[in-house]
Amino acid sequence: MLPDADPLDLLDAFLAAHAKVEAVPAMLYVRGEELYHALNAKPPAHPAWGRFLVAMGQLAADTMDDSAAASRYFLQALQGVGKHGDHEAAVTAGYNQGVLQERRRHLAHALAAYRAAASEGFRCGALNANTLRAATAAVRLRFAEDGDLGDVAPLAKQAWLGWLWLSVNDAAQLDATLVEELSRQLAALLLPENDPGLLMAAWRSWAPSSVPLPDGGNWHDADPACRDALFTVAAEAADAHLADEAADPGTPYRLLRAAARRMS
C-alpha cells in the first residue's frame, strides 16, 4: 500500500530507488505498478512522470521480460510529452520502443517509433545520444526497406548535424557504436557520389540546413565550426569505410579542412 504522500515525492522516491544498484528490480516494479495505477488517471504535469514511465518500461523489458507492458509504458512517455514536458525521456522512450518492436520483427512499428523519437528530439533541441540513435535507426530501417530514404532523409542530415555539434561540445556522449553507425551512413549516403571538393555543396543542398540547440539557438551547416567538424569526420569516415575505393581516401578532406582554416 502506498504511503500518504505528495505524488511528486513518491515519484522522486521511486526514481531514486531505481537509480540504486542495490534495488531489487522485481519488487521495485511491483511498487511502480501500484504508483502507476494510483496516478495514471490524473498524471502529474511534471518531468518526473516522464522519467517514471521510462523507468517502468525498462523494468518491464529487462526484469519482467514483458515486452507488451514495456511498450505501453514507453508509448505513453512518448505520446504524453506535451503534458509531462521531459523531452529527453520522450526520446529515450521512443528509441526503446523502436528497439522492442525491431526485436519482435515489427519493422514498420519500429521505424515509426524511431522516427517519432528522433523528430521530437530534434524539434525541441534535445541533441543527445538517444536522439541520434533513433535517427540513425530510422535511416537504417528505411534504407534497408527499399534502398531509398524517402521521408526520413531529413533525419539523416539532422543526425549528422547533431553528431558534429556533440563532437565539438559534448563528445563524451558519443560512444564508439553510435559513431560507427553515423560514420557508416555518412560514407554510404553522402561521400561516395561526390568528389571531395564538392562535399560542401552536397552538404548544403541536403535539407534541413540547421537544427535547434538546447539553449534556443541554432546550429547551421555553414557555421565555420560545423564545417571544420564535417571535414574531420568525413576524413575519418572515408578512411574507415572507403579504403577499397581509393588510396588514402581521407586525405582530400583533411586538406580541405586545412585550407578552410587558413581562409577563416
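In this text, all values refer to a predicted model and were calculated from it rather than measured experimentally. Counting from 1, residues in each chain are numbered in the order their sequence is written. Two thresholds apply to this predicted model, a pLDDT of at least 70 for residue-level local features and 80 or more for giving and counting side-chain atom pairs, whereas whole-chain, interface and lining totals are computed over all residues. To obtain the side-chain values, all non-hydrogen atoms of the structure were included, while hydrogens and water were left out.

Peer 1: How do you make sense of the overall build of the protein chain when you look at a structure like this?
Peer 2: Tallying secondary structure elements over the protein chain gives 13 helices and two strands in all. The principal-axis extent of the C-alpha atoms belonging to the protein chain is close to 65 × 40 × 35 Å. Counting every position in the protein chain, which comprises 264 residues, the buried fraction comes to 47%. The method behind every accessible area is Shrake-Rupley, applied with a 1.4 Å probe, and residues are considered shielded solely by the protein chains displayed. Counting only carbon and sulfur atoms, one obtains 54% of the accessible surface of the protein chain, whose full area is about 12800 Å². The helix and strand labels rest on DSSP assignments: H or I over at least four residues marks a helix, E over at least two residues marks a strand, and numbering proceeds from the N terminus. Exposure categories follow from relative accessible area, calculated using a 1.4 Å probe and restricted to protein chains: below 20% of the type maximum is buried, above 50% is exposed, and the middle band is partly exposed.

Peer 1: Any chance you could explain the packing of aromatic side chains here in plain terms?
Peer 2: Working definition: a ring pair exists when centres of Phe, Tyr or Trp rings (six-membered ring for Trp) sit within 6.5 Å. Plane angles under 30 degrees give stacked, over 60 give edge-to-face, the rest tilted. By the definition in use, this model includes six aromatic pairs. Within the aromatic cluster, the residues linked to one another by ring pairs are F14, Y36, W49, F52 and Y73. We call a charge positioned above a ring when the Lys NZ or Arg CZ atom is no farther than 6 Å from the ring centre and deviates by at most 35 degrees from the ring normal. Seen from the ring of W203, K157 lies directly overhead, with NZ or CZ sitting 4.7 Å from the centre.

Peer 1: Even after reading the chapter, I still don't get a nonpolar patch on the surface, so can you show me in this structure?
Peer 2: Patch criteria: residues need more than 30% relative accessible area and no salt bridge. Like-charged residues are merged within 9 Å; nonpolar side chains of Val, Leu, Ile, Met, Phe, Trp and Tyr are merged within 5 Å. For this analysis, a salt bridge means a side-chain nitrogen from Lys or Arg found within 4 Å of a carboxyl oxygen belonging to Asp or Glu. On the surface, a cluster of nonpolar side chains totalling about 270 Å² of accessible area is made up of V24, M27 and V30. Mapped onto the fold, V30 is located in helix 2 (residues 25-39). Among the residues examined, V30 registers a relative accessible area of 37% and is labelled partly exposed.

Peer 1: Help me understand the nonpolar core, please; the structure alone is not making it clear to me.
Peer 2: For the purposes of this section, nonpolar cores are sets of buried Ala, Val, Leu, Ile, Met, Phe, Trp, Tyr and Cys residues that join through side-chain atoms within 4.5 Å. Counting 57 residues, the largest nonpolar core has F122, W160, L191 and W203 as its most contacted members. Where this core is concerned, the elements lending two or more residues are helix 6 (87-103), helix 7 (107-123), helix 8 (129-146), helix 9 (153-169), helix 10 (176-189), helix 11 (199-205), helix 12 (224-241) and helix 13 (251-263). Ranked by residues supplied to this core, first place goes to helix 9 with ten residues. When checking whether two residues touch, look at their non-hydrogen atoms; a contact exists if any pair is within 4.5 Å. When residues no more than four places from it in sequence are discounted, the contact partners of W160 are L182, Q185, L186, L189, L190, W203 and W206. If you look at the next biggest cluster of nonpolar residues, it comprises 26 residues, including A48, L53, M56 and L59.

Peer 1: Hey, could you run me through the packing of helix 6 against helix 7 in this one?
Peer 2: A pair of packed helices is characterised by two quantities: the angle between their axes and the separation of those axes. Lines fitted to C-alpha atoms define the axes here, with helix axes fitted over just the stretch in contact, and angles between the N-to-C directions of these axes take values from 0 to 180 degrees. Where helix 6 contacts helix 7, the axes come no closer than 8 Å and their chain directions differ by 165°. Between helix 6 and helix 7, the crossing angle belongs to the class labelled roughly antiparallel. Considering how the two elements wind past one another, helix 6 and helix 7 form a crossing that is left-handed. Across from H87, V91, G94, Y95, Q97, G98, V99, Q101 and E102 in helix 6, the residues of helix 7 making contact are L107, H109, A110, A113, Y114, A117, E120, G121 and R123. Polar here means any residue outside two lists: the nonpolar Ala, Val, Leu, Ile, Met, Phe, Trp, Tyr, Cys and Pro, and the charged Asp, Glu, Lys and Arg; Gly therefore counts as polar. A per-class count over the contact of helix 6 with helix 7 returns eight nonpolar, seven polar and three charged. The labels follow the angle: roughly parallel below 35 degrees, roughly antiparallel above 145, roughly perpendicular from 65 to 115, and oblique for the rest. In this scheme the crossing of two helices becomes right-handed for a clockwise turn of the near helix relative to the far one and left-handed for an anticlockwise turn of less than a right angle.

Peer 1: Whenever I open this one, the pattern of salt bridges confuses me. Can you help?
Peer 2: Two side chains with opposite charge may pair up if their charged atoms get near one another. Scanning the model with the defined rule gives 16 salt bridges in all. For R140, the salt bridge goes to E102, with nearest N and O atoms at 2.7 Å. In this pair, R140 sits in helix 8 while E102 sits in helix 6, placing the two residues 38 residues apart along the sequence. The exposure class of R140 is partly exposed, given its relative accessible area of 34%.

Peer 1: Can you walk me through the environment of Y29 in this structure?
Peer 2: Considering the arrangement of structural elements, one finds Y29 in helix 2. Not counting residues within four places of it along the chain, the set of residues in contact with Y29 comprises M56, L59, A60, M64, A69 and Y73.

Peer 1: What am I meant to see in helix 4 (residues 67-79) here?
Peer 2: For the α-helix, the turn length of 3.6 residues means that residues three or four positions removed from each other point alike. Multiplying 1.5 Å by the helix residue count minus one yields the expected span of that helix. For helix 4, spanning 13 residues, the distance from its first C-alpha to its last is 18 Å, which sits close to the expected 18 Å at 1.5 Å a residue. When helix 4 is considered as a whole, its buried residues turn out to be A69, A70, S71, Y73, F74, A77 and L78. Those residues of helix 4 that are buried lie in contact with helix 2, helix 3 (47-62), helix 5 (81-84), helix 6 and helix 7.

Peer 1: So what exactly am I meant to see when it comes to the environment of S205 here?
Peer 2: By the element assignment, S205 lies in helix 11. Spatially, the C-alpha atoms of S205 and D221 are 9.9 Å apart, while their sequence positions differ by 16 residues. Pairs of N or O atoms are called polar contacts if they sit within 3.5 Å, as long as, within protein, a hydrogen donor faces a hydrogen acceptor (for residues adjacent in sequence, only side-chain-to-side-chain pairs). One polar contact links the side chain of S205 to the main-chain carbonyl oxygen of A202, over a distance of 2.9 Å.

Worth remembering: the numbers are spatial, not functional.
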